[in-house]
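# Fold and geometry: a report
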Amino acid sequence: MSLTEPAAEPERQTDMARVVVADYDGEWPKAFEQLRARIWPAVSDFALTIEHVGSTAVPGLVSKPVIDICVVVRSRDHTPLGIERLAQLGYVHRGDLGVPDREAFAGPEGPPRHHLYLSPQDSLSLKNHLALRDYLRAHPDSARAYGALKHRLAEEFPDDIDSYIEGKTDFILAILRDLGFSPQELAAIERINRRDSIVRPG
């Protein structure tokens, strides 16, 4: 599974097998707030925040029309409690799916469509998500270039999500390198996003 942009929800593999990117929808932030309001009461006594991550969190950016959400906890010691509380809301824990310190969950049926994750605040996966999101929010030209790349990859690999993910990796790594990510961090991110490392839910 991609560290930079999550793959399909486990129970919706068939639905998400085709790579489709949609124009930015102003309803996406509202959908995130709806989901946040649903989840926050269950985790507010130990979580730090709930972040809207991924391309749907960047105004104007094309994206697969699925909201990406990360529950941020103070430390790894809070992960078991997070898994327990989210289960009470109908979320099924799927493990890290190949991305260290990012627990993935299959959500209950019904809108809005979303991916849910849980990460400690010092995790590389969260650092990557927030850095890329904030950079693209602050640099519309880069966001447009990224959107054009995503459109091209979706047209080139409409039935190959792994090639779509790998095709974005160099663009993303260049941004993270400029933001000061260390060579070790960049290597870890690259390993996760290359075809031979992507983990698909079983």
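Residues numbered from 1 in each chain as written. Predicted model: local features only at pLDDT ≥ 70, side-chain atom pairs only at ≥ 80, totals over all residues. Heavy atoms only, no water.

All right, on to the overall build of the protein then. Along the protein, the regular secondary structure elements total six helices and five strands. Along the chain direction, N to C, the helices and strands of the protein fall in the order α-β-β-α-β-β-β-α-α-α-α. Residues classed as buried in the protein amount to 51% of the 202 residues present. If you take every contact in the protein between residues at least 6 apart in sequence, the share linking residues at least 24 apart comes to 70%. For the protein, the exposed surface amounts to about 9,000 Å²; the carbon and sulfur share of it is 51%. (Helix = DSSP H or I, 4+ residues; strand = E, 2+ residues; numbered from the N terminus. Buried < 20%, exposed > 50% of the residue type's maximum accessible area, 1.4 Å probe, protein only. Contact = heavy atoms within 4.5 Å. Areas by Shrake-Rupley, 256 points an atom, 1.4 Å probe, with all protein chains shown as cover.)

A cis amide bond links Pro111 to the next residue, Pro112, at an omega of -10°. For Pro112, the position within the fold is in the loop between β4 (103-106) and β5 (114-120). Phi at Leu97 is positive, roughly 50°, even though this residue is not glycine. Even without glycine at this site, Asp101 takes up a positive phi of about 65°. For Asp101, the location among the structural elements is in the loop between β3 (92-93) and β4. The class of Asp101 is partly exposed, set by a relative accessible area of 27%.

Here we take up the nonpolar core. Ranked by internal contacts, the top residues of the largest apolar core, which has 23 residues, are Leu136, Tyr146, Tyr164, Leu176 and Phe181. Residue assignment for this core shows that the elements contributing at least two residues are α3 (124-138), α4 (140-156), α5 (161-178) and α6 (183-193). Counting residues per element, this core draws most heavily on α5, at seven residues. By size, the runner-up hydrophobic cluster in this structure holds 19 residues, among which are Leu35, Ile50, Ile69 and Leu86. (Core = buried A, V, L, I, M, F, W, Y, C linked by side-chain atoms within 4.5 Å.)

Next up on the list: the pattern of salt bridges. One pass over the structure, following the stated rule, counts nine salt bridges. In this structure, Asp122 and Arg76 form a salt bridge, with 3.1 Å as the shortest nitrogen-oxygen distance. With Asp122 in the loop between β5 and α3 and Arg76 in the loop between β2 (67-73) and α2 (79-88), this pair connects stretches of sequence that are 46 residues apart. We note a salt bridge from Asp141 to Arg144, for which the minimum N-O separation is 2.1 Å. Of this pair, Asp141 and Arg144 are both found in helix α4, three residues apart, which corresponds to roughly one turn of the helix. (Salt bridge = Lys/Arg side-chain N within 4 Å of Asp/Glu carboxyl O.)

Let's shift gears to the environment of Ala188. Looking at where Ala188 falls in the secondary structure, it is placed in helix α6. Exposure remark for Ala188: the relative accessible area of 17% places this residue in the buried category. Expressed as a C-alpha distance, the spacing of Ala188 and Ser125, which sit 63 residues apart in the sequence, is 9.9 Å.

A few words on the sheet that holds β4. Taken in spatial order, the five strands make up an open sheet running β1-β2-β5-β4-β3, and their pairing is mixed. Two strands close off the open sheet at either side, each with one partner strand: β1 (47-53) and β3. Contacts between helix α1 (residues 28-43) and the sheet are confined to β1, β2 and β5, with β1 contributing the most and set at about 160° to the helix. Sheet contacts for α2: β3, β4 and β5; angle to β5, the most-contacted strand, approximately 155°. (Pairing = 2+ DSSP bridges. Axes fitted to C-alpha atoms, helices over the stretch in contact; angles between N-to-C directions.)

Here we take up the confidence of the model for the protein. Any residue range with low pLDDT should be treated as having predicted coordinates unsuitable for detailed reading. On average, residues of the protein carry a pLDDT of 89, and 88% of them reach 70 or more. Across residues 197-202 the pLDDT falls below 50, and counting only partners more than four positions away or on other chains, this stretch makes 21 contacts in the model. (pLDDT = per-residue confidence, 0-100.)

This part takes up the environment of Val99. Of note, Val99 is situated in the loop between β3 and β4. Sequence-wise, Val99 and Ala188 are 89 residues apart; in three dimensions their C-alpha atoms are separated by 9.7 Å.

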